[in-house]
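What follows is the residue order along each chain.
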Amino acid sequence: MEINKLDNPAWYSLNETHKDFVVDYEKIKFYDPNYCPFGGALNDEETASGIAKYASLTDGFFVIGNRPDITDKVRVESELICNQMVLDSRIDMDIHEDITELQTEIHKNDLFKLVNLVQPGYFKNMTADLGNYYGIYKNHQLVAVVGERMKMESYTELSAIVTHPEHTGRGYAKQLIVHASNRIFNESKIPYLHVANTNVNAIRLYEKLGFLTRRKISFWKLHAHVL
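What counts as what
Residues numbered from 1 in each chain as written. Predicted model: local features only at pLDDT ≥ 70, side-chain atom pairs only at ≥ 80, totals over all residues. Heavy atoms only, no water. Buried < 20%, exposed > 50% of the residue type's maximum accessible area, 1.4 Å probe, protein only. Helix = DSSP H or I, 4+ residues; strand = E, 2+ residues; numbered from the N terminus. Pairing = 2+ DSSP bridges. Salt bridge = Lys/Arg side-chain N within 4 Å of Asp/Glu carboxyl O.

## Concerning the pairing of strand S8 (residues 141–151)
Next, step 1: Within S8, ten of the eleven residues are buried, which leaves the element mostly enclosed by the surrounding structure.
Next, step 2: Bridge count between strand S7 (residues 133–138) and S8: six bridges; the pairing is antiparallel. Paired with Tyr 133 across the two strands is Gly 147, which belongs to S8.
Next, step 3: The turn linking S7 back onto S8 is made up of two residues, and Asn 139 within it adopts a positive phi angle of 50 degrees.
Next, step 4: Looking at chain direction, S8 and strand S9 (residues 155–163) are connected through five bridges and run antiparallel.

Structure follows, in structure tokens:
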């Protein structure tokens with residue numbers, strides 16, 4: 001079934017819609033590190049060689065799924081356990097804010113700064129080229145964003161759901177999620193997202209909008225092992 005591809009979102013995204021962004025080691029596929037520090041494998045026991053090669057390209061990165069097989073050249077820094085949440089139908093909610101599609105270099109620079117202020121380590125120089133990103137500006141300041149990251153033929157991941165710390169509690173994220181999700185449905189695809197399973201407030205917001213937790217999934221953070 002198509003939905004089973006969500007068990008391995010990086011692999012299938014890089015095998016389908018995002019194949020132009022792949023660094024392919026046959027047994028494991030990674031995004032070009034300038035775009036996204038994620039990878040995935042079909043067989044977790046044959047990942048060590050590819051992971052060691054990718055570790056020479058970037059400082060820190062993530063393998064999604066089961067704990068990967070690694071060599072002594074690589075170390076596991078941490079395991080981030082996320083709820084993988086899927087939205088089954090369009091969200092019927094009015095949007096009152098002006099939403100900007102972030103397409104210009106100025107927009108993308110504002111986007112990069114905001115996401116890395118709130119969620120440093122995930123958003124790279126060219127992440128914004130992976131999909132559509134949307135934002136809300138107040139007094140010429142970008143205060144909230146949402147975008148698309150991993151994309152396959154039937155599913156698109158919502159990501160970078162970020163609000164500036166001085167502008168929280170005003171419903172900006174909710175309206176951006178509605179806008180982005182319904183745009184994905186317009187493409188005959190299904191939106192999904194990943195959220196740390198400890199982020200109770202975010203999970204509660206997503207559930208109110210209709211997202212349901214499909215499964216827990218691990219993001220293993222890896223680094224080259226410096227002796």
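## With respect to the pattern of salt bridges
Next, step 1: A complete count under the given rule lists twelve salt bridges for this structure.
Next, step 2: Glu 2 is paired through a salt bridge with Lys 5; the nearest N and O atoms lie 3.2 Å apart.
Next, step 3: Here Glu 2 falls in the partly exposed class, since its relative accessible area comes to 36%.
Next, step 4: Since its relative accessible area comes to 15%, Lys 5 is described here as buried.
Next, step 5: Asp 129 is the partner of Lys 108 in a salt bridge, and the nearest nitrogen-oxygen pair spans 3.0 Å. Separated by 21 residues along the polypeptide, Lys 108 in helix H3 (residues 105–118) and Asp 129 in the loop between H3 and S7 bring together distant segments of the chain.
Next, step 6: Residue Lys 108 is classed as partly exposed on the basis of its relative accessible area, which comes to 24%.
Next, step 7: The class of Asp 129 is partly exposed, set by a relative accessible area of 36%.
Next, step 8: Among the ionic contacts, a cluster of salt bridges with common partners joins Glu 2, Lys 5 and Glu 16.

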